[in-house]
Each structure stands twice: as structure tokens, then as C-alpha cells.
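# Chain and residue survey
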Amino acid sequence: MTDPRQALRHDLRQRRRDLSAPARIAAAESLADALLALPFAPREGAVAGYWALDGEIALHRWQLQLPDRLTYCLPVLHGDVLRFAPWRPGQPLTSNRYGIPEPDIAIEDTLEPAQMALVVTPLVGFDARCRRLGMGGGWYDRSFAFRHDRPAPPWLVGAAFSVQQVESLPVASWDVPVDAICTEAGTLLPSAAPVNA
């Protein structure tokens, strides 16, 4: 049986690909401001972003503006879950099985999901209730399944362009909720009114 969300994923991925280069750059600037202004933004520890591909909103400005006591990490595939590797621009990268760049370091030098203070996740779509639609591989849901039974940290934040918002998304039992969704238009929190960036 096919996933009914596949057609929605296709449409939403095209929406973000259709944005102009100037719109993408401006959105990344505003997104950085929204992420830095999160009420639970950590001041120390490890935080993770992602390598933007396929039209995903970029995180480079956020990464470059993080406080000095934070360590920026990128996700690394390990078995059927993610681990997180410290990374700075210029450090070596290698491509994983999906062609996504990962830090080229030994797996024993990476961090477990539970060791992170905050993780910014890519997404394909979202709704006003902070429900996230990913690519369908389940990497973030498997890696952070422990959040079903315990509160943050790590804080989980979805990042997207505002054009990726839809009216409503279905929720599966394995979906791990995010604590906020940030776009260039502001921040959505699950149980509160939108916060403008």
C-alpha cells in the first residue's frame, strides 16, 4: 500500500524548489533570527542542524551566529538511527548512502541523540499545530523516539519556508512531535499563538 503522503511530499518539495535565490537568501537570514530567539535556545552544549539539499531552507547564518559555548553538529547515519558529529566549515565531509554530506569522522567521536541540547530538523511540510511531515525515512522519529516518554532536552525544532505550511497533517503513532517550527515568517509553538521573528 502506498503512503498517501507521498503526493503531498512531491508538491511541497516543488513549492520550496520554486522559490527564487533572493527569496531563499532572505528567508535563511530571517530563519536564523527566529532560531536564535527561541525561548529555549541553549547557551552551551551541542546543537545540530542539517546540510540543506533539494531546496531545503539553509542554516548557515544560524550556524555562524551561534554562541561560542555551543558546538555545531551535523547528522550522521549509523545503523537505522542518527548520530551527530561536530563540524565547522572547511572540515572534511563524505557522502552517505543518500548522497548527503556528513562529517568524515569516526563513529565513536559522534554524539548520541540524547546528548544533544537542540536539534533543528529539516521538513517537507508542517501545519499550525506544529505537526511535521518529513521525507518518509523515519530517521528523526527513530532517533528521538525516547522523547515520547520524556521532556526536552534535546529540544526539537523544524525549519522550513512558510510556503511549506499546509492546513492539516495526519499524525502516526511513531511521529515524534517537535517543540517549535521556525520559518522566515516567525515561530510556531505547539500550544501557543505564533511568535513573530
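Chains are numbered independently. Their residues run from 1 in the order of the written sequence. Where local features are concerned, this predicted model is filtered to residues with pLDDT of at least 70; where side-chain atom pairs are given and counted, the filter is 80 or more; whole-chain, interface and lining totals use all residues. By convention in this description, side-chain values take in all heavy atoms of the structure and omit both hydrogens and water.

- In the annotation of an unreviewed UniProt entry, the entry for the chain reads 5-formyltetrahydrofolate cyclo-ligase, and the organism field reads Stenotrophomonas indicatrix.
- UniProt positions are given in the numbering used here, feature names are shortened, and annotations may be inferred rather than shown by experiment. UniProt, in its Catalytic activity (unreviewed entry) section for the chain, records the words "(6S)-5-formyl-5,6,7,8-tetrahydrofolate + ATP = (6R)-5,10-methenyltetrahydrofolate + ADP + phosphate".
- Heading Cofactor (unreviewed entry) of the UniProt record for the chain holds this comment: "Mg(2+)".

## Some words on the side chain of Glu-102
- Turning to its location among the elements, Glu-102 is positioned in strand β5 (residues 101-103).
- Per-residue accessibility, obtained with a 1.4 Å probe over protein chains only, is compared with the maximum for each type, and a residue is labelled buried under 20%, exposed over 50%, and partly exposed between these values. A positive count includes Lys and Arg, and a negative count includes Asp and Glu. His and the chain ends are not counted in either. Counted as salt bridges are all cases of a side-chain nitrogen of Lys or Arg within 4 Å of a carboxyl oxygen of Asp or Glu. One buried charged residue, Glu-102, remains without a salt bridge, the closest side chain of opposite sign being Arg-97 at 7.7 Å.
- The criterion used for residue contact is that any of the two residues' heavy atoms lie within 4.5 Å. Apart from the residues lying within four places of it in its own chain, the contact partners of Glu-102 are Pro-75, Val-76, Leu-77, Pro-92, Leu-93, Thr-94 and Asn-96. Secondary structure elements follow DSSP: runs of H or I of four or more residues count as helices, runs of E of two or more count as strands, with numbering from the N terminus.

## Some words on the UniProt feature "binding site: substrate" (unreviewed entry) in the chain
- UniProt records the feature "binding site: substrate" (unreviewed entry) at Glu-56, using the numbering of this structure.
- Among the residues examined, Glu-56 registers a relative accessible area of 16% and is labelled buried.
- When near neighbours in sequence (up to four residues on either side) are disregarded, Glu-56 contacts Arg-16, Tyr-50, Trp-51, Pro-122 and Phe-161.

## A short note on the packing of aromatic side chains
- Each Phe, Tyr or Trp ring (for Trp, its six-membered ring) is paired with any other whose centre lies within 6.5 Å, and the angle between the two planes then decides the class: stacked below 30 degrees, edge-to-face above 60, tilted in between. Enumeration according to the criterion identifies seven aromatic pairs in this entry.
- Ring centres of Tyr-98 and Trp-139 lie 6.3 Å apart, and the angle between their planes is 80 degrees; this geometry places the pair in the edge-to-face category. Taken together, the residues span a long stretch of sequence, with Tyr-98 in the loop between β4 (93-95) and β5 and Trp-139 in helix α4 (residues 139-143) at a distance of 41 residues.
- You can call Tyr-98 exposed: its relative accessible area is 51%.
- Ring centres of Tyr-140 and Phe-144 lie 6.4 Å apart, and the angle between their planes is 10 degrees; this geometry places the pair in the stacked category.
- Sitting above the plane of the Trp-139 ring, Arg-142 keeps its charged end 4.9 Å from the centroid. Think of it as a cone above the ring: NZ of Lys or CZ of Arg counts as a charge over the ring if it is within 6 Å of the ring centre and within 35 degrees of the ring normal.

## Quick look at the pattern of salt bridges
- For the structure on display, the rule yields nine salt bridges.
- Note that Asp-54 is salt-bridged to Arg-17, the shortest N-O span being 2.7 Å. One end of the pair, Asp-54, is in the loop between β1 (45-48) and α3 (60-64); the other, Arg-17, is in helix α1 (residues 5-17), and 37 residues separate them in sequence.
- Given a relative accessible area of 33%, Arg-17 falls into the partly exposed group.
- Among the salt bridges present, the one from Asp-127 reaches Arg-131, with a minimum N-O distance of 2.7 Å.
- One salt-bridge network, held together by shared partners, links Arg-13, Arg-16, Arg-17 and Asp-54.

## Quick notes on the nonpolar core
- We call a set of buried Ala, Val, Leu, Ile, Met, Phe, Trp, Tyr and Cys residues a nonpolar core when their side-chain atoms join them within 4.5 Å. In this structure, Leu-35, Leu-38, Leu-59 and Trp-62 are the most contacted members of the largest nonpolar core, which totals 46 residues.
- Breaking this core down by element, the ones donating at least two residues are α2 (21-36), β1, β2 (70-78), β3 (81-86), β6 (118-122), α4, β9 (155-159) and β10 (180-183).
- Trp-62 has contacts with Ala-32, Leu-35, Leu-36, Val-47, Ala-48, Gly-49, Tyr-72, Leu-118 and Val-120, leaving out every residue within four places of it along the chain.
- Listed in part, the five residues of the second largest apolar core include Leu-12, Val-124, Leu-133 and Leu-169.

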